[in-house]
Amino acid sequence: MNKISKTAPIGVFDSGLGGLTVVAALDALLPHEDIIYLGDTARVPYGDKSPETVGRFGLENALALLERDVKMIVVACNTVSATALPFIQSELEARGFRVPILGVVDAGIEAIIPRNPRKICVLGTRATIASGAYERGIRAKLPDTETISIPCPILAPIVEDGLANHPIATSAIKHYLTPILDSPPDTLLLGCTHYPLLIDAIRTVLPPSITIVDSSIAIAEKIRETLEKLDLAKIIDTSSGRREFLSTDSPRLFAERAKVFLDGKLSPMKVEEAPCR
Ligand code: DGL
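Read on for an overview of the structure.

Thresholds, definitions, all that
Residues numbered from 1 in each chain as written. Predicted model: local features only at pLDDT ≥ 70, side-chain atom pairs only at ≥ 80, totals over all residues. Heavy atoms only, no water. Disulfide = S-S within 2.5 Å. Buried < 20%, exposed > 50% of the residue type's maximum accessible area, 1.4 Å probe, protein only. Near = heavy atom within 4 Å. Polar contact = N/O pair within 3.5 Å; in protein donor to acceptor, adjacent residues only side chain to side chain. Axes fitted to C-alpha atoms, helices over the stretch in contact; angles between N-to-C directions. Helix = DSSP H or I, 4+ residues; strand = E, 2+ residues; numbered from the N terminus. Parallel < 35°, antiparallel > 145°, perpendicular 65-115°, else oblique. Left-handed = near helix turned anticlockwise from the far one by under 90°. Contact = heavy atoms within 4.5 Å. Nonpolar A, V, L, I, M, F, W, Y, C, P; charged D, E, K, R; others polar.

1. Details of the state of the cysteines
Link 1 in the chain: Under the definition given, this model contains 0 disulfides.
Link 2 in the chain: Free cysteine Cys-77: the closest other cysteine sulfur is in Cys-192, separated by 7.3 Å.
Link 3 in the chain: Judged by its relative accessible area of 3%, Cys-77 falls in the buried class.

2. Concerning the site of the ligand
Link 1 in the chain: For the ligand, the set of nearby residues contains 14 residues, the closest of which are Asp-14, Ser-15, Tyr-46, Gly-47 and Thr-79.
Link 2 in the chain: With respect to the ligand, the side chain of Asp-14 contributes an N or O atom lying 2.7 Å from a nitrogen atom.
Link 3 in the chain: Within the side chain of Thr-193, one N or O atom sits 2.8 Å away from an oxygen atom of the ligand.

3. Some words on the packing of helix H2 (residues 51-66) against helix H3 (residues 78-94)
Link 1 in the chain: One can describe the packing of H2 onto H3 by two numbers: an axis separation of 8 Å at closest approach and a directional angle of 60°. On the basis of their axis angle, the class for H2 and H3 is oblique. The element H2 and its partner H3 pack so that their crossing is right-handed. On H3, the residues touching Pro-51, Val-54, Gly-55, Arg-56, Gly-58, Leu-59, Ala-62, Leu-63 and Leu-66 of H2 are Thr-79, Val-80, Thr-83, Ala-84, Phe-87, Ile-88, Glu-91 and Leu-92.
Link 2 in the chain: Per-class residue counts for the contact of H2 with H3 are 11 nonpolar, 4 polar and 2 charged.

4. Description of the environment of Val-159
Link 1 in the chain: On the secondary structure map, Val-159 appears in helix H7 (residues 155-160).
Link 2 in the chain: Beyond its immediate sequence surroundings of up to four residues, Val-159 is in contact with Ala-164, His-194, Leu-197, Leu-198 and Phe-261.

5. Quick word on the side chain of Ser-215
Link 1 in the chain: Here Ser-215 shows up in helix H10 (residues 215-229).
Link 2 in the chain: Reaching out from Ser-215, the side chain makes a polar contact with the backbone oxygen of Leu-190 at a distance of 3.3 Å.
Link 3 in the chain: In contact with Ser-215, other than residues within four places in its own chain, are Asn-78, Val-104, Gly-108 and Leu-190.

Spelled out as structure tokens, the structure:
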């Protein structure tokens, strides 16, 4: 197998636009690294699909990025990370790929450990919560911490549709969070790449004392650490890295919606079509 090149891009994928929150966090932390982002907009949402289907889609996305010689795969989708990461890892290994693969679930859990929370509430898609991946991971690292998990199936589509700041978002959040309002947790873990865009709306519903942990920032830190540990970090220079965007559905729609979604960050954006395999 060829040696992995330090100058190769970091490959990031998500079911749709949500993983752009990870690209925005990476852009801020590692501006000189090249990044290729694949959004599977033709097949979003993944959150209501079976683990088998999510695994197949995730593997196809990873292979599409590896065709572009990425040095690392970042699974910026909680649903894929929670339900199918070991499957994708073993399938890639069986095909002879040795690139590191990082998922958002482990990064989010690692970020909360130093805070030593007593009670955590995890929000995610139906498939993420049903997988139990967050609860298992938290129990393994923080056995005395109480965890409550709430599936919020409508929130990702609200964000994908550019409605994160619309009253419809606040009303959906109130609906999902009502069960924890009487006895709130000290930490809220956003277990979906779309939810960082809802932080303002979430804050209007929850007491201000609650710490909100955003896994997009946690994974960006983890990517930096891993690149350094594996000696895969690009030499820091003053030029900004290349940003390439691939969409399995219309590139024009991707670019239009990404602009609204990220409030103009990462634009202008050139998007190329990468049909589903
Ligand atoms: N990207 C997915 C996640 O982070 C949410 C959207 C979907 O359901 O595909 O779980």
